[in-house]
Amino acid sequence: MQSKRMNLEEKATKGNIIYIHSIDYNEFEKELVIRLLRSPQEHKTVVRELTFFKVQNFSEEIDEIDFDKDCLDSVIGILCTPCNSGVEYRIQTEQRSLFCISELEPDIQDLT
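It should be emphasised that the depicted structure is a prediction, and the values quoted were computed from it without experimental measurement.

Asker: I would appreciate a short explanation of the state of the cysteines in the present structure.
Answerer: Linking two cysteines covalently via their sulfur atoms produces the bond known as a disulfide. Scanning the model with the defined rule gives zero disulfides in all. Free of any disulfide, C100 has its nearest cysteine sulfur in C80, 9.5 Å distant.

So, in structure tokens, the structure goes:
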């Protein structure tokens, strides 16, 4: 599963696109969407979306001590671990950890 992890992480952050514009979880649609920026200077231009479908057990842990809502967060890594109901994803950023399970592959869309 390590190669799959690197494959997803490499695809999601290809071209050093690691800066997070927004993280949206729609509980009704069971979708998690992470929108990424090319650079902090282009903070209004979303260039890539990473979407997880049929999400189960979404949770988010925020580093409350060091959390700065005015600081642009960035992706550090994406870990994929097989489980009984699909794949458990852990998306680690500088300020938070996102966890979810999905039986479907996430979709990566370049918007530019």
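Asker: Is there a simple way to explain the packing of aromatic side chains in this structure?
Answerer: When we look at a pair of aromatic rings, we describe it by the centre distance and by the angle of the planes. Evaluated as defined, the whole model comprises two aromatic pairs. On the basis of an interplanar angle of 20° and a centroid distance of 4.4 Å, the ring pair of Y25 and F58 is categorised as stacked. Remark: F58 occurs in strand 4 (residues 56-62) and Y25 occurs in strand 1 (residues 19-26); sequence separation between them is 33 residues. Judged by its relative accessible area of 28%, Y25 is partly exposed.

Asker: Explain the sheet that holds strand 4 to me, please; I cannot follow it from the model alone.
Answerer: The strands making up a sheet are joined through hydrogen bonds of the backbone, oriented either antiparallel or parallel. Taken in spatial order, the four strands of this open sheet run 4-7-6-5, and their pairing is antiparallel. Among the strands making up the open sheet, the edge pair consists of strand 4 and strand 5 (75-83). For this sheet, the mean angle separating the axes of adjacent strands, direction not counted, is 10°.

Asker: Would you mind going over the pattern of salt bridges with me for this structure?
Answerer: Should their charged atoms come close, side chains of opposite charge can pair. Enumeration over the complete set of coordinates arrives at five salt bridges. The salt bridge involving D24 is made with R35; its shortest N-O contact spans 2.5 Å. Of the two residues, D24 sits in strand 1 while R35 sits in strand 2 (residues 31-37), which places them eleven residues apart along the sequence. For R96, the salt bridge goes to D73, with nearest N and O atoms at 3.3 Å. One end of the pair, R96, is in strand 7 (residues 96-102); the other, D73, is in the loop between strand 4 and strand 5, and 23 residues separate them in sequence. The exposure class of R96 is buried, given its relative accessible area of 17%. With relative accessibility at 4%, the residue D73 sits in the buried group. Among the ionic contacts, a cluster of salt bridges with common partners joins D24, R35 and E49.

Asker: I tried to follow the side chain of R48 on my own but got confused; where do I start?
Answerer: Within the fold, R48 resides in strand 3 (residues 46-52). Reaching out from R48, the side chain makes a polar contact with the side chain of D110 at a distance of 2.5 Å. What R48 contacts, discounting residues up to four positions off in sequence, is K11, A12, T13, K14, I17, I34, R35, L36, I108, Q109, D110 and L111.

Procedures and definitions
Residues numbered from 1 in each chain as written. Predicted model: local features only at pLDDT ≥ 70, side-chain atom pairs only at ≥ 80, totals over all residues. Heavy atoms only, no water. Disulfide = S-S within 2.5 Å. Phe/Tyr/Trp six-rings, centres within 6.5 Å; stacked < 30°, edge-to-face > 60°. Helix = DSSP H or I, 4+ residues; strand = E, 2+ residues; numbered from the N terminus. Buried < 20%, exposed > 50% of the residue type's maximum accessible area, 1.4 Å probe, protein only. Pairing = 2+ DSSP bridges. Axes fitted to C-alpha atoms, helices over the stretch in contact; angles between N-to-C directions. Salt bridge = Lys/Arg side-chain N within 4 Å of Asp/Glu carboxyl O. Polar contact = N/O pair within 3.5 Å; in protein donor to acceptor, adjacent residues only side chain to side chain. Contact = heavy atoms within 4.5 Å.

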